[in-house]
Amino acid sequence: MQTVYDLAGLRAQVNEWHRAGGTIAFVPTMGNLHEGHISLLHRAREIADHTVVSIFVNPIQFGKGEDYAKYPSTLAADQEKLAAAGLDLLFAPNLDALYPGGIEEDTRVTVPGLSTILCGRFRPGHFSGVATVVSKLFINAQPDFALFGLKDYQQVLVIKRMVHDLLMPVEVIGMPIVRETDGLAMSSRNSYLNAAERARAPIIYRTITEAATALENGETSIAELEESGMKRLAETGFRPEYFSVRRSTDLEEPGPGDSELSILVAAWLGNARLIDNVQLRLKTPLL
Ligand code: PAF
């Protein structure tokens, strides 16, 4: 596995691969890698001739008071995991490489609508930060495929919309959430949980799967389901931001005729902001 730290090194390698007719699958990350990330790399290796992973903690997608400064940096351990999983090229730029003019006056990419609901409501500017850095990475890594975990379901839709609207020649692939044995979605931020919080954390997944079962069994009051999900999380020590049933395609509120639904949640537990989601298909569309 090769590691490059600058854009010139990244471009030289991807140009060489493309000139020889090879395809490239790309997995952007912020490091502190877990099995969820590695599952993306495994799939990337199956679908393309060459694989690129980036590790970059992107300051502009963190709000004031969020965890940018303390976001875990584990480059050496990440390199070992990636090499063991058969990665070809790791791109690990520093801040200047991706933001040569600094971050204040930098050009931003914004996907309207989708970016201001759910997580976007509680993290203003977050999705614009994500869309901006992913654009920079796509332009330079020139991938044929890009893989993202569906734990960040809204992020995947934002990136798909951006790629569609900006006519970027890359196929964005959302990959299934990888979970711990007790159901907790794997996340770099799980390391912020203390032992007691970690033991309680799977409640978040249980709450959304129970709501999904209720919907599949014919429950029709979405407002009541959302309210009881919020209540259950608050009663079990979480500080929920939202617990929402949405249309899977565009995350709008579901209406008559809709049957492809997602239940999405964001809740704080101690110092960790946890997100999770499930998708379901109703046998009978909503009336
Ligand atoms: O999901 C992440 O880790 C980040 O949001 C991403 C896509 C690497 C952009 O910084």
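This write-up is about the structure you can find in this document. Remember, predicted model here, so these are calculated numbers, not experimental data.

## Some points on the nonpolar core
Phe138, Ile159 and Met162 are the most contacted members of the largest nonpolar core, which totals 45 residues. Of all elements in the fold, only α1 (7-19), β2 (24-29), β4 (89-91), α6 (126-141), β5 (145-149), α7 (153-165) and β8 (260-269) reach the threshold of two or more residues within this core. The contact partners of Ile159, leaving out residues within four places of it in the chain, are Val130, Val134, Phe138, Phe148 and Val172. Counting 30 residues, the second largest nonpolar core, distinct from the first, contains Leu193, Leu261, Leu269 and Ala272.

## As for the sheet that holds strand β1 (residues 2-4)
Strand order in the open sheet formed by 6 strands is β1-β4-β3-β2-β5-β6, with parallel pairing between adjacent strands. Lying at the two open borders of the sheet, with one neighbouring strand each, are β1 and β6 (171-175). The sheet shows a mean angle of 25 degrees between the axes of neighbouring strands, direction not considered. Two elements, β5 and β6, share 5 bridges in a ladder whose sense is parallel.

## Examining the site of the ligand
The immediate surroundings of the ligand are formed by Pro28, Thr29, Met30, Asn58, Gln61, Val130, Val133, Phe148 and Gln155. Between an oxygen atom of the ligand and a side-chain N or O atom of Gln61, the distance comes to 2.6 Å. In the model, an oxygen atom of the ligand is placed 2.8 Å from a nitrogen or oxygen of the Gln155 side chain. Elements with a contribution of two residues or more to the shell around the ligand: β2 and α6. Residue composition of the shell around the ligand, by class: 5 nonpolar, 4 polar and no charged.

## Looking at the sheet that holds strand β9 (residues 272-281)
Overall, antiparallel pairing links the 3 strands, which are arranged β7-β8-β9 in an open sheet. Looking at which strands have only one partner, the edges of the open sheet turn out to be β7 (239-247) and β9. Averaged over all adjacent pairs, the angle separating strand axes in this sheet is 10 degrees, with direction ignored. In this sheet, β8 lies alongside β7 in antiparallel orientation, the contact comprising 8 bridges. Residue Pro240 lies in a different strand from β8, and its bridge partner there is Ala267.

## Concerning the environment of Lys81
In this fold, Lys81 is placed in helix α3 (residues 75-84). Through-space distance from the C-alpha of Lys81 to that of Ile38 is 7.9 Å; in sequence the pair is 43 residues apart. Those residues in contact with Lys81 that lie beyond four places of it in its chain are Leu33 and Ile38.

Conventions we followed
Residues numbered from 1 in each chain as written. Predicted model: local features only at pLDDT ≥ 70, side-chain atom pairs only at ≥ 80, totals over all residues. Heavy atoms only, no water. Core = buried A, V, L, I, M, F, W, Y, C linked by side-chain atoms within 4.5 Å. Buried < 20%, exposed > 50% of the residue type's maximum accessible area, 1.4 Å probe, protein only. Helix = DSSP H or I, 4+ residues; strand = E, 2+ residues; numbered from the N terminus. Contact = heavy atoms within 4.5 Å. Pairing = 2+ DSSP bridges. Axes fitted to C-alpha atoms, helices over the stretch in contact; angles between N-to-C directions. Near = heavy atom within 4 Å. Polar contact = N/O pair within 3.5 Å; in protein donor to acceptor, adjacent residues only side chain to side chain. Nonpolar A, V, L, I, M, F, W, Y, C, P; charged D, E, K, R; others polar.

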